[in-house]
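An overview of the molecular structure
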Amino acid sequence: MNILIVAESCFGNTLTVARAVGSGLARALGEESITVLRPGEAPRELRSDIGLLLVGAPTHGFSMPRRQSREQAAEKGATGSDSVGVREWIAQVTAREDLRAVTFDTSVKMRFSPGSASKSAAKALKKRGFPQAERGQSFYVTGTAGPLADGEEQRAEAWGAQLAGALSEDGGGSR
């Protein structure tokens with residue numbers, strides 16, 4: 001089975017998390033093919049051999065980034081902002097009802113947060129036609145530009161291994 005991880009990242013933190021999740025999946029699953037792509041590189045038509053889709057983004061304004069929030073991040077020194085983000089990619093990707101999709105995000109830890117990129121992405125994926133989309137984890141940064149909080153990269157790798165275990169239990173990702 002192939003696993004596709006689509007991750008938007010402005011300061012590099014969400015991409016670091018995506019790679020760590022991929023490492024955890026690879027360590028647990030062995031020779032599985034795991035690909036990490038930015039939204040502008042990700043295909044609009046998902047191959048039939050993709051058995052799990054992971055979608056990650058930084059939380060901007062309690063949701064997925066928008067063009068304006070990416071521009072604001074660039075003004076604060078972000079170097080990884082693209083013109084196509086997760087929001088735009090989800091709006092263009094061809095839906096697959098059979099594909100499990102799990103979202104994740106990076107955000108600043110708060111006592112109460114009314115929303116997150118992972119919550120918004122899961123909702124957008126379901127609306128797009130991915131009924132098996134679900135909200136995954138939030139990983140924490142120390143501030144707008146990061147870095148990741150202590151232990152978060154390791155937690156992301158452990159979460160990847162946990163996802164791999166769930167794939168093994170349900171026979172490869174289909175529910």
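Definitions and cut-offs
Residues numbered from 1 in each chain as written. Predicted model: local features only at pLDDT ≥ 70, side-chain atom pairs only at ≥ 80, totals over all residues. Heavy atoms only, no water. Helix = DSSP H or I, 4+ residues; strand = E, 2+ residues; numbered from the N terminus. Rg over C-alpha atoms; globule rule 2.2 N^0.38 Å. Buried < 20%, exposed > 50% of the residue type's maximum accessible area, 1.4 Å probe, protein only. Contact = heavy atoms within 4.5 Å. Lys, Arg positive; Asp, Glu negative; His and termini not counted. Charge placed at Lys NZ, Arg CZ, Asp CG, Glu CD. Polar contact = N/O pair within 3.5 Å; in protein donor to acceptor, adjacent residues only side chain to side chain. Salt bridge = Lys/Arg side-chain N within 4 Å of Asp/Glu carboxyl O. Expected span 1.5 Å × (residues − 1).

1. Quick word on the overall build of the chain
What the chain contains, in helices and strands, is 5 helices and 5 strands. The secondary structure elements of the chain, listed N-terminal to C-terminal, are β-α-β-β-α-α-β-α-β-α. Here the C-alpha radius of gyration of the chain, 15 Å, is about what a compact globule of 175 residues would show, namely 16 Å. Here the chain holds 175 residues, and the buried ones make up 47% of them. For the chain, the proportion of contacts with a sequence separation of at least 24, taken over those separated by at least 6, is 79%. Computing the positive centroid from 22 side-chain charges and the negative centroid from 20, the chain places the two 8 Å apart.

2. Regarding the side chain of Ser118
Topologically, Ser118 is positioned in helix H4 (residues 117-128). Judged by its relative accessible area of 0%, Ser118 is buried. If sequence neighbours within four positions are ignored, Ser118 has contacts with Thr103, Phe104, Asp105, Arg135, Gln137 and Ser138.

3. Remarks on the environment of Arg87
Topologically, Arg87 is positioned in helix H3 (residues 86-92). For Arg87, a relative accessible area of 22% gives the class partly exposed. Along the primary structure Arg87 and Ser63 are separated by 24 residues, whereas in three dimensions their C-alpha atoms are 9.5 Å apart. Apart from the residues within four sequence positions on either side, Arg87 is in contact with Glu8, Ser63, Met64, Pro65 and Arg66. A polar atom in the side chain of Arg87 sits 2.9 Å from the backbone oxygen of Met64.

4. Observations regarding the pattern of salt bridges
Overall, the coordinates contain 8 salt bridges when judged by the stated rule. The closest approach of N and O atoms between Arg70 and Glu8, which form a salt bridge, is 3.1 Å. One end of the pair, Arg70, is in helix H2 (residues 67-75); the other, Glu8, is in the loop between strand S1 (2-7) and helix H1 (13-29), and 62 residues separate them in sequence. Of the two residues, Arg70 and Glu8, neither departs from the other in class, the shared state being buried. Among the salt bridges present, the one from Arg27 reaches Glu157, with a minimum N-O distance of 3.2 Å. Residue Arg27 is located in helix H1, and its partner Glu157 is located in helix H5 (residues 152-169); the two are separated by 130 residues in the primary sequence. Taking relative accessible area as the criterion, Arg27 reaches 54% and is therefore assigned exposed. Owing to a relative accessible area of 28%, Glu157 belongs among the partly exposed residues under this scheme. It is possible to trace a salt-bridge network through shared partners that takes in Glu8, Arg70 and Glu88.

5. So, H4
Look at H4: 16 Å from first C-alpha to last across 12 residues, which is about the 16 Å you get at 1.5 Å a residue. Every buried residue of H4 is listed here: Ala117, Ser118, Ser120, Ala121, Ala122 and Leu125. Packing partners of the buried residues in H4 comprise strand S3 (50-58), H3, strand S4 (100-108) and strand S5 (133-141). Looking one or two residues past H4, Gly129 carries a phi angle of roughly 120°, positive in sign.

Read these as spatial facts, not as claims about activity.
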